[in-house]
Protein chains: 2
Amino acid sequence: METSAITVGIIGGTGDLGTGLARRLARAGFRVIVGSRNESGAQGAAEALKNLGETSGWGALQVSGASNSEAATAADLVFVTVPFSAHSVTLESIHEAVQGKVVVDVTVPLVPPKVARVQLPEGGSAGQLAQVALGDNVRVVSAMQNVAAAHLNSDDTIDCDVLVTGNNKEARQQVIDILQIIDVRGFHAGMINNAAAAEALTSILININKQYKTHAGIRITGV
Amino acid sequence: METSAITVGIIGGTGDLGTGLARRLARAGFRVIVGSRNESGAQGAAEALKNLGETSGWGALQVSGASNSEAATAADLVFVTVPFSAHSVTLESIHEAVQGKVVVDVTVPLVPPKVARVQLPEGGSAGQLAQVALGDNVRVVSAMQNVAAAHLNSDDTIDCDVLVTGNNKEARQQVIDILQIIDVRGFHAGMINNAAAAEALTSILININKQYKTHAGIRITGV
């Protein structure tokens, strides 16, 4: 994969998870557009990442900042990393821009303050809601809910597998290929309904994190 | 834990998972009552397990067969391992017998023929349904949904962690302690609502099993 030929938009890219994804993708050579409702915030995050690349000796990272809708428009492929409370309105704001594209929904439907409790939404999962909201012309893939932002924002090896769901197999494979480039092992995990599993698992990991003072993950065994 | 002082009832114990659980628990010294709607089927399964114990050199296993309700009555602790289609009627049949006890629900709400698709029930999860059906005087613990029956029915090391959910922490701990005796690592994974995660994950593992021709499991990392 010629990463420098692919522009990835990260909607909600100034959050912990978005920042970590931007860092890993940019370091792997992808063109990254950090999106945010707050354009200057996005530009600040992009600058910070470029500076990190220079001071870390990773070379000149291809990163810029933009509004969410501009990032979605310019991108070949879009990650959505927003709190669940902003999920619906964010999808609406990028609806037109992502038609015909692959959208990777990383949203976990946590309901603060009880984030350690599984509370899946009506509709089954955030992933299913995204597919409905964006329509059949968008290939929604759900992924990356179980990787701790703290690990993405470090140089650690990611000791966590990723369950990749979505109704379009080629889109899932594209996401698995991208994850492989940033050293994350992804698994085809079925149709978008199955996003519920990865989304629910995040609350389980939060429980375990509290007990063990860690950032837990999962590995698939037997493969 | 003095395993020989504890009687474990396995409701639906003639199925693949129940057979595997009975095998592991009996070999660890627990008194096991295999329960089934079909009492003679249960007795046959118990005989087969005793024979396996003798031919395998495990000594005289303490195993007997009984109807589900008799098994539930005689047991100190009860595992429920029935197909989801039989969940509700089975819980009703043991309702009186398990009052005041710990019931470990292993049921996965699969909806054949699409068992690779997450289809969680109204009510959130089988675990929640069990807690509601059995009432507040029963400590329902949900566990063991992700361990392949094929592994339980072998002498393999179980390369799969178990997410243990339930509203009563001491009951969860008791189940974790029992699992440890049969060399399975369990994790406190929160209240019974969180059973949805382990139940959904089973369909994910079925997807992966199909692709890799394996019996996949999960491990928690970072702990």
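All of these numbers come straight from a predicted model, not from anything done at the bench. Along each chain, residues carry numbers from 1 onward, in the same order as the chain's sequence is written. Throughout, the order in which chains and ligands are written sets their labels, letters from A for the former and numbers from 1 for the latter. The model is predicted, so local features are restricted to residues of pLDDT at least 70 and side-chain atom pairs to those at 80 or more, both for listing and for counting; the totals for chains, interfaces and linings are taken over all residues.

Engineer: Hey, could you go over the relation of the copies chain B and chain A for me, with residue numbers and the actual values?
Structural biologist: A least-squares superposition brings the copies together, and it is based on the C-alpha atoms of residues with pLDDT no lower than 70 in both. Of the transformation superimposing chain B on chain A, the axial component is 0.0 Å and the angular component is 180°, with the fit at an RMSD of 0.0 Å. As the rotation angle and translation indicate, the two copies are arranged about a two-fold axis. Most of the interface of chain B is mirrored in chain A: 100% of its interface residues are interface residues there too. Any pair of residues counts as being in contact when their C-beta atoms, constructed from backbone geometry, are within 7 Å of one another.

Engineer: So what's going on with the interface of chain B and chain A? Residues and values would help.
Structural biologist: Listed by partner, the interface residues are 34 residues for chain B and 34 residues for chain A. Mapped onto the side of chain B that touches chain A, the elements with two or more residues apiece are strand S8 (186–188), helix H8 (195–212) and strand S9 (217–221) of chain B. Per the convention used, a helix needs a DSSP run of H or I reaching at least four residues, while a strand needs a run of E reaching at least two, with both numbered from the N terminus. Broken down by element, the side of chain B that touches chain A gets its largest block of residues, ten residues, from H8(B). When residues are grouped by polarity, Ala, Val, Leu, Ile, Met, Phe, Trp, Tyr, Cys and Pro land in nonpolar, Asp, Glu, Lys and Arg in charged, and all others, Gly among them, in polar. Its residues assigned to classes, the side of chain B that touches chain A comprises 19 nonpolar, twelve polar and three charged. Between any two strands, at least two bridges found by DSSP are needed for them to pair. Judged from the five bridges that link them, strand S9 (residues 217–221) of chain A and S9(B) form a sheet pairing that is antiparallel. In the sheet register, Gly217(A) faces S9(B), and the bridge partner there is Thr221(B).

Engineer: I'd love a proper account of the environment of Gln62(A), names of residues and values included.
Structural biologist: All names here are of chain A. Position of Gln 62 relative to the elements: it lies in the loop between helix H2 (39–55) and strand S3 (63–67). Separated by 125 residues in sequence, Gln 62 and Phe 187 place their C-alpha atoms 28 Å apart. Beyond its immediate sequence surroundings of up to four residues, Gln 62 is in contact with Ser 4, Ala 26, Arg 31 and Val 32.

Engineer: Kindly report on the sheet that holds strand S6 (residues 139–142) of chain B, identifying the contributing residues and their values.
Structural biologist: Residue and element names in this part refer to chain B. Across the sheet, which stays open at both edges, the eight strands sit in the order S3-S2-S1-S4-S5-S6-S7-S8 with mixed pairing between neighbours. The two strands at the open ends of the sheet, each matched to only one other strand, are strand S3 (63–67) and S8. Sheet twist, expressed as the average angle between the axes of neighbouring strands with direction ignored, equals 25°. One ladder, built from two bridges, connects S6 with strand S7 (residues 162–166); its direction is antiparallel. Residue pairing across strands places Ser 142 opposite Thr 165, the latter belonging to S7. Convention adopted: a line fitted to C-alpha atoms gives each axis, helices being fitted over their contacting stretch, and angles between N-to-C directions are expressed from 0 to 180 degrees.

Engineer: Give a description of the nonpolar core that names residues and reports values.
Structural biologist: One finds Val78(A), Val104(A), Ala197(A), Val78(B), Val104(B) and Ala197(B) to be the most contacted residues of the largest nonpolar core, which totals 158 residues. Sequence-distant contacts of Val104(A), defined by excluding residues within four places in its chain, comprise Leu77(A), Val78(A), Phe79(A), Val80(A), Val141(A), Ala143(A) and Val175(A). By convention in this section, buried Ala, Val, Leu, Ile, Met, Phe, Trp, Tyr and Cys residues joined through C-beta atoms within 7 Å make up a nonpolar core. Using C-beta atoms placed from the backbone, we call a residue buried if 20 or more other C-beta atoms fall within 10 Å of its own, exposed if 12 or fewer do, and partly exposed for counts in between.

Engineer: So what's going on with the sheet that holds S3(A)? Which residues, and what values?
Structural biologist: All names here are of chain A. Spatially, the eight strands line up as an open sheet ordered S3-S2-S1-S4-S5-S6-S7-S8, and their pairing is mixed. Each edge of the open sheet is held by one strand with a lone partner, namely S3 and strand S8 (186–188). Direction aside, the axes of adjacent strands within the sheet are offset by 25° on average. Two strands pair when backbone bridges link them, and strand S5 (residues 102–105) and strand S6 (residues 139–142) are joined in this way by four bridges, in the parallel orientation. Looking at S6, one finds that Val 103 is bridged to Val 140.

Engineer: Kindly report on the pairing of strand S4 (residues 77–80) of chain B, identifying the contributing residues and their values.
Structural biologist: Residues and elements named next belong to chain B. Along S4, one buried face is formed by Leu 77 and Phe 79 and the opposite face, lined by Val 78 and Val 80, is buried too. The pairing of strand S1 (residues 7–11) with S4 spans four bridges and is parallel. Pairing of Ile 11 across the sheet is with Val 80, part of S4. Bridge count for S4 against strand S5 (residues 102–105) is four bridges, and the pairing is parallel. Each bridged residue has a counterpart across the sheet, and for Val 80 the counterpart in S5 is Asp 105. Handedness rule for crossovers: strands pointing away from the viewer, path from the first strand over the helix to the second running clockwise, crossover right-handed. Read from S4 through helix H4 (residues 87–94) to S5, the crossover connection turns out right-handed.

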